[in-house]
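# A structural walkthrough
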Amino acid sequence: MEYKFTDIEKKWQDYWKKNNTYKVETNSSKPKYYVLDMFPYPSGSGLHVGHPLGYIASDIFSRYKKHCGFNVLHPMGIDAFGLPAEQYAIQTGRHPADTTAENVQRFKTQLGAIGFNYDWDREVITCDPNYYKWTQWIFLQLFKSWYNKEKDKAESIDELVKIFSTEGNMSVNAVTDYEFAFSEDEWNDFEEKKKQEILMSYRLASLSYAEVNWCPELGTVLANDEVKDGRSERGGHPVVKKKMRQWFLRITAYAERLLNDLDALAWSDSMKEMQRNWIGRSEGALVFFDLPEFNMQLEIYTTRPDTIFGVTFMVLAPEHPLVDVITSPDHAQEVLDYRNYVQSRSERERQSEVKKVTGAFTGALALNPFTGEKIPVFISEYVLMGYGTGAIMAVPSDDDRDNAFATHFNLPIIDVIDKGMYPGATRDDKLGKMINSGFLNGMEVLDALDAINTEIEKREIGKRRVQYRLRDAIFGRQRYWGEPIPIYYKGEVPYPLDESELPLLLPQMEDFKPSEDGEPPLAKLESWKYAPGKASPHRGEASPPTPLQRRGESEQSHVASQKGIASPRPSPEERESEPGYHTSEKKSWETLKEQGRELRKNQTEAEEVLWERIRNNIISHKIRRQHAIDIFIADFVCLSKKVVIEVDGGVYLDAEQKEYDKHRTYELEQRGFEVIRFTNDEVKKNTDEVVAKIKTKLDSKPTMEEYNSPDSPSPLERGAGGEAFRLETTTMPGWAGSSWYFLRYMDPLNDKAFISKEAEQYWQDVDLYIGGTEHAVGHLLYARFWQKFLFDRGYVSKVEPFKRLVNQGMITGVSAFANKIGDLEYVITGETEFDSNKRPQIFVSKNKIEKAIKERDTAFLLPAFKKHFQATDFNKVQIKFGDTPIAKPKQVNVSLVSSKDELDINDWVKTLQDEGHYEIITEDDGAFICTREVEKMSKSKLNVVNPDDIIGQYGADTFRMYEMFLGPIEQSKPWNTNGIDGVSKFMRKLWRLFYEDTKFLVNDEAPTDQELKVLHKVIKKIREDIERFSFNTCISTFMVCVNDLTDFKCHKKAVLQELVVLLAPFAPHVAEELWEQMKNEGSVTAVAYPEFNQKYLVESAFEYPVSINGKLRTKIELALNIEQGKVEAEVLASEVIQKWLEGKPPKKFIYVPGKIINIVV
RNA sequence: GCCCGGAUGGCGGAACUGGUAGACGCGCUGGAUUCAAAAUCCAGUAAUGGCAACAUUGUGGGGGUUCGAUUCCCCCUUCGGGCACCA
């Protein structure tokens, strides 16, 4: 009987299905083990041989663990929501729901052919409402939670409300970007809207106005990890910075824990390092520098306060709010020009010109608190508003950028660290002795750091502070194919959907494409409203949405302007890592408030003046102040005439303010209002003129029916009392569903909870997680974050989701190329017709072209030329190679290329038909040889190898074995189909231990010692190697074993049966078949793994390698129990050794029992 | 620029805590079988010299520690990955 893998594999795959062999039960007395693969997203192009690598490894490992007596959870699912799936649908002009379903089906068929032991009953698909119901539920928990810094955990927002109403927020140590203090009485007096606004800045899932990564091409915002080098990770489209109102997850609250808990994880160093870098913790200090001219302080962040005596200037980010305040009139133009220059530069331009030194002097001077020196304050784009306080103290002696800046602007440089003792030491080494540094002089850097920090805190001019680079995760996507965010709006205030209303279903839409202006597809849906109490929220009856309601982004500007700006304005990120900001030192708080007031005074004054005059002078019209029109609060409005009067602030940078005003005007006009604007200056200086203009406008307008009676509720209030509310129109990002899917596998069908307590208690966490490195800072960080959050809220019992992580390397493809003749020079003598523009593409076999170029010999080209050119006399045409004799080689489909790099020309020319003229020049023997190159496997490179083909030709078991045999799992390596013959031969050789033709060879004879030794060596090695994930050496071991047993002609059941079980995790189909042939009952998967027994390996003697001076000279067999003293005599008696010693006595004799003998002469 | 990980025959790779470098497989060479080919089997295969026994060299390069280094330490070259004006 032959090894008929096709029949065998079909037979056992059917058997497994029929017998539910891989069903996993949660109720078990066995210890649990959880093996997880990173679930795939369905890409549409199917699997190539690289994809299953990790799945095969995890399959082997989980089968092995089952054999070892564990109850193993090994599930599989599909990550179906998100950008890739949606982009694929758009490209193919179909609906993502359809393409996803198709791709999932195809994916499962492909996986099924490989023979994995997944329990498909536990399948999780992220776009399934039964699943995303709970994704939405977790989002709601985040929304309803805040981070208590005191206890270092997330808590219910209800608790926070309780504290606010009894104590105010002074005693709350929270992660928040809310910057003001209030008492319990103040809280209780706040309006609902104000309360919600405050709470929003405490929630872990929050809506806030911030600079985001906007990708116009994809029509959505992206999280930081989805952007690489100023382009989107998916598709490589340009990404720009844009201020928008967006949903964020406050992952920064967990920065410290995400960092610290890495230590205990069994992940690769590089993986942990990547996460550490991404979190980017740095220790330093906040320090205030006085600005004596303004009676203000400038707050900076530095990691090197020890160098403060070397500070010779300060630098602010160009958009730093304080710049407006401190810029002196004679530098105003310079600063304005510089700001315009900065704004004109794109993110990519900026990144590519990092080394360029630019900046402008504000004219202001600051006071170095330690030297008392007056130092100039500059602005420059190398200081980023988003990190620290957006301001730095510059130490040109020890910081490269500061140094370049100082050199460029001719600023003094004072050395403060003597690194003479440490040649080659850099700033980051923190080595050296302090000089020119007052009381720090003579101290080592590390001591100086401590001393200065203490001094800074003592003098209350700053404090120690830990800073992170990690930013909050942008959560909303202006796309269709994602989980709807379960939030609805009463007016502008977002409220959570009731949990009983989940899932909030993604509505079926025909036109789901994103728009470039950022309007989410769901906004186009008129029925996208929430009617409380109705079963299907998104189908709730609703009136058509107003234009405003379609524009989710417009309202935030308003909120931001209301907040006012305190300066220096720390970023929200900064506030999260410094929750106690508003309750911190009184002095800094006072400074902030003072500065904020200063900035707003101008604007408020103008408004106050105008209001006074309107009330007194325009009595014929009813004008309201600060009245809400939908979500806009107009400065002044006359409702009956539909006229809005606005006084422009100078809150933002000019360009931004204009943009904001323009937008506001547009929205109000959409509502039928006319908008007239005045600037602060106009109002203050020409008040009469302004009032007159308003009066004229109001008088001139024809009388209209009143928009509202004076006593009716404002539109805002009406919205809140209405029947249906608009729903959030952005959807969740792709990583939402993947941030907790590993938990759902524990209890996938539960419709009462995201997982049951029992299931969670039993399975707990993932013991082994296998996947690619590309998720290092995305998925793996978000999943850890969600796990910690759920832990805080008492829903899971482990702080970390993935104990051990193994990253499979990439399997690259070996592309094939046909060399093409490139530059040629024609030297024509005499009269010849010759049109070189008609040159054909000339493909030349590898060896031929290489030889020709080496010898500069072009004679072989002549026949091709004669065929394609009209020339009267080719003797007069000379052809020479130009500068690039080989043109860009043409990519050839690897399936047309043999193991010897020979191209199947007949099939290939079919693909060349529409390429115009071409000519193929082969080797002399008629073969055409390609050049080859290792590249990433991809369709466009024509180097994709499909696992279906391999399985069809060699079988799934051979395919599995070969994938493992290629090399270490974590290493990236090229796929070479040729090598599979070796594994294929092995499988047949294995089969021949059991069968010769139709004769079943297995007998019941007792095994010899030698056979048992071989077997137990294999048992030991396989067990060890599986545990340390060295599967390639496992395959070698099996090969050695089968070779040995073949040599022994061993067909003994006692040996072969064990071998079959050992092999079962690797080649499950053939193992099942042979197990059955040996008359065993049931599936081999349930059998205990063979135990290693030392006694079969005990040797009495060992053949010692004997070296002289470390060089191997001979081998001598000695008994292992030989007495120590006898060894030397025995060895020295050897003829070979005698020869090498040349009669001299050895200086030293080293004897390592069971290992080696070394003699030093 | 900074951080992390690599570099071993013609190729993929092995050598686990320092102890016989090149396991296993591909490829290649020779042989058996065959009318022939495929398939299969046997032998050889790091380089150099030698019929051979054997000798010399050899794990990217240089230096060090050690009786002994692919393995540990220092410097350099180079490839891959990550981060990148983060104060």
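Predicted model only: the values in this text are computed from it and were never measured. (Residues numbered from 1 in each chain as written. Chains lettered and ligands numbered in written order. Predicted model: local features only at pLDDT ≥ 70, side-chain atom pairs only at ≥ 80, totals over all residues. Heavy atoms only, no water.)

## Regarding the protein's contact with RNA strand B
Lining the immediate surroundings of RNA strand B are 53 residues, of which Thr 303, Tyr 382, Arg 401, Leu 966 and Asn 1158 lie closest. Take the atoms of RNA strand B that sit within 4 Å of the protein: sugar and phosphate atoms are 63% of them. Thr 303 has a polar backbone atom sitting 2.3 Å from a sugar or linking oxygen of RNA strand B. The separation between a phosphate oxygen of RNA strand B and a polar side-chain atom of Lys 985 is 3.0 Å. (Near = heavy atom within 4 Å. Polar contact = N/O pair within 3.5 Å; in protein donor to acceptor, adjacent residues only side chain to side chain.)

## What to know about the environment of Leu 502
Examined against the element boundaries, Leu 502 turns out to sit in the loop between strand E21 (493–496) and strand E22 (529–530). Leu 502 sits 600 residues away from Phe 1102 along the chain, and the two C-alpha atoms are 72 Å apart. The contact partners of Leu 502, leaving out residues within four places of it in the chain, are Lys 133, Gln 136, Trp 137, Leu 140, Pro 486 and Leu 497. (Helix = DSSP H or I, 4+ residues; strand = E, 2+ residues; numbered from the N terminus. Contact = heavy atoms within 4.5 Å.)

## A word on the pattern of salt bridges
Using the criterion set out here, one finds 47 salt bridges in the structure. Here Lys 10 and Asp 14 are joined by a salt bridge, their closest N and O atoms 2.6 Å apart. Pair noted here: Lys 10 and Asp 14 are both in helix H1 (residues 5–18), with a separation of 4 residues, about one helical turn. Given the relative accessible area of 51%, Lys 10 is considered exposed. (Salt bridge = Lys/Arg side-chain N within 4 Å of Asp/Glu carboxyl O. Buried < 20%, exposed > 50% of the residue type's maximum accessible area, 1.4 Å probe, protein only.)

## Some words on the packing of helix H33 (residues 980–994) against helix H35 (residues 1031–1048)
A packed helix pair is summarised by two numbers, namely the angle formed by the two axes and the spacing between the axes. Taken N-terminus to C-terminus, the directions of H33 and H35 make an angle of 40°; their axes are 10 Å apart at the nearest point. Here H35 runs oblique to H33, going by the angle between their axes. The interaxial crossing formed by H33 with H35 has left-handed handedness. In this structure, H33 uses Gly 982, Val 983, Phe 986, Lys 989, Leu 990 and Leu 993 to contact H35, whose residues at the interface are Phe 1038, Met 1039, Val 1042, Asn 1043, Leu 1045 and Thr 1046. Of the residues assigned to the contact of H33 with H35, the class counts are 8 nonpolar, 3 polar and 1 charged. (Axes fitted to C-alpha atoms, helices over the stretch in contact; angles between N-to-C directions. Parallel < 35°, antiparallel > 145°, perpendicular 65-115°, else oblique. Left-handed = near helix turned anticlockwise from the far one by under 90°. Nonpolar A, V, L, I, M, F, W, Y, C, P; charged D, E, K, R; others polar.)

## Examining the sheet that holds strand E27 (residues 725–727)
Strand order in the open sheet made by the 4 strands is E21-E20-E27-E22, with antiparallel pairing throughout. One side of each edge strand has no neighbouring strand; the edge strands of this open sheet are E21 and E22. In this structure, E22 lies alongside E27, joined through 2 bridges in antiparallel fashion. Bridging across to E27, Lys 529 finds its partner in Arg 726. (Pairing = 2+ DSSP bridges.)

## Some thoughts on the confidence of the model for chain A
On average, residues of chain A score 83 in pLDDT, and 89% of them are at 70 or above. Note on residues 534–589: pLDDT is under 50 here. Beyond four places in sequence and across chains, it has 164 contacts. With pLDDT under 50 throughout, residues 703–722 is counted as low confidence; its partners more than four residues away or in other chains account for 30 contacts. Across the predicted assembly, pTM comes out at 0.81 and ipTM at 0.94. (pLDDT = per-residue confidence, 0-100.)

## Observations regarding the packing of H33 against helix H37 (residues 1068–1077)
Interaxial distance between H33 and H37 falls to 12 Å at its minimum, and their mutual angle equals 5°. For the element pair H33 / H37, the angle class is roughly parallel. The segment H33 lies against H37, with Met 987, Leu 990, Trp 991 and Phe 994 engaging Val 1070, Glu 1073 and Leu 1074. Its residues assigned to classes, the contact of H33 with H37 comprises 6 nonpolar, no polar and 1 charged.

## Side note on the environment of Pro 863
By the secondary structure assignment, Pro 863 is in helix H29 (residues 862–868). Sequence separation of Pro 863 and Ile 921 is 58 residues, and the distance between their C-alpha atoms is 9.6 Å.

## Focus on H35
In this model, H35 (18 residues) spans 26 Å end to end at C-alpha, consistent with the 26 Å of a helix rising 1.5 Å per residue. Residues of H35 that are buried include every one of Phe 1031, Asn 1032, Cys 1034, Ile 1035, Thr 1037, Phe 1038, Met 1039, Cys 1041, Val 1042 and Leu 1045, and no others. Contact partners of the buried residues in H35: helix H2 (52–67), helix H32 (956–965), H33, helix H34 (1009–1027) and helix H36 (1053–1063). Positive phi appears at Lys 1049, one or two residues downstream of H35, with a value of about 55°. (Expected span 1.5 Å × (residues − 1).)

## What about the sheet that holds strand E40 (residues 1101–1108)?
Strand order in the open sheet formed by 4 strands is E41-E40-E43-E42, with mixed pairing between adjacent strands. Sheet topology places strand E41 (1111–1119) and strand E42 (1148–1152) at the edges, where each strand pairs with a single neighbour. When strand polarity is set aside, the average angle formed by the axes of neighbouring strands in this sheet is 20°. Together, E40, E41, E42 and strand E43 (1156–1160) form the strand contacts of helix H38 (residues 1124–1132), whose direction differs from that of E42 by roughly 115°.

## As for the side chain of Glu 1073
Mapped onto the elements, Glu 1073 comes out in helix H37. At 2.9 Å, the side chain of Glu 1073 and the side chain of Trp 12 are in polar contact.

## Remarks on unusual backbone geometry
In this chain, Leu 502 is followed by Pro 503 through a cis amide linkage whose omega measures 0°. Looking at the element boundaries, Pro 503 is found in the loop between E21 and E22. The backbone of Asn 20 sits at a positive phi, close to 50°, despite the residue not being glycine. On the secondary structure map, Asn 20 appears in the loop between H1 and strand E1 (32–37). If you check the backbone angles, Asn 295 has positive phi at about 55° while not being a glycine. As for its position among the elements, Asn 295 is in the loop between strand E10 (282–291) and strand E11 (296–302). You can call Asn 295 exposed: its relative accessible area is 71%.

## As for the pairing of E42
Covered by surrounding structure in E42 are Phe 1149 and Tyr 1151 only, the residues Lys 1148, Ile 1150 and Val 1152 on the alternate face being uncovered. Here E42 runs beside E43; their pairing, made up of 5 bridges, is antiparallel. By the bridge assignment, Tyr 1151 is partnered in E43 with Ile 1157. Counted between consecutive antiparallel strands, the loop separating E42 from E43 contains 3 residues, among which Gly 1154 sits at a positive phi close to 75°.

## Let's talk about the environment of Val 383
If you trace the backbone, Val 383 turns up in the loop between strand E14 (374–379) and strand E15 (391–394). Residue Val 383 is classed as buried on the basis of its relative accessible area of 6%. When the C-alpha atoms of Val 383 and Pro 318 are compared, they prove to be 7.9 Å apart, with 65 residues separating the residues in sequence. Not counting the four nearest positions on each side in its chain, Val 383 is found in contact with Val 315, Leu 316, Ala 317, Pro 318, Gly 390, Ala 391 and Ile 392.

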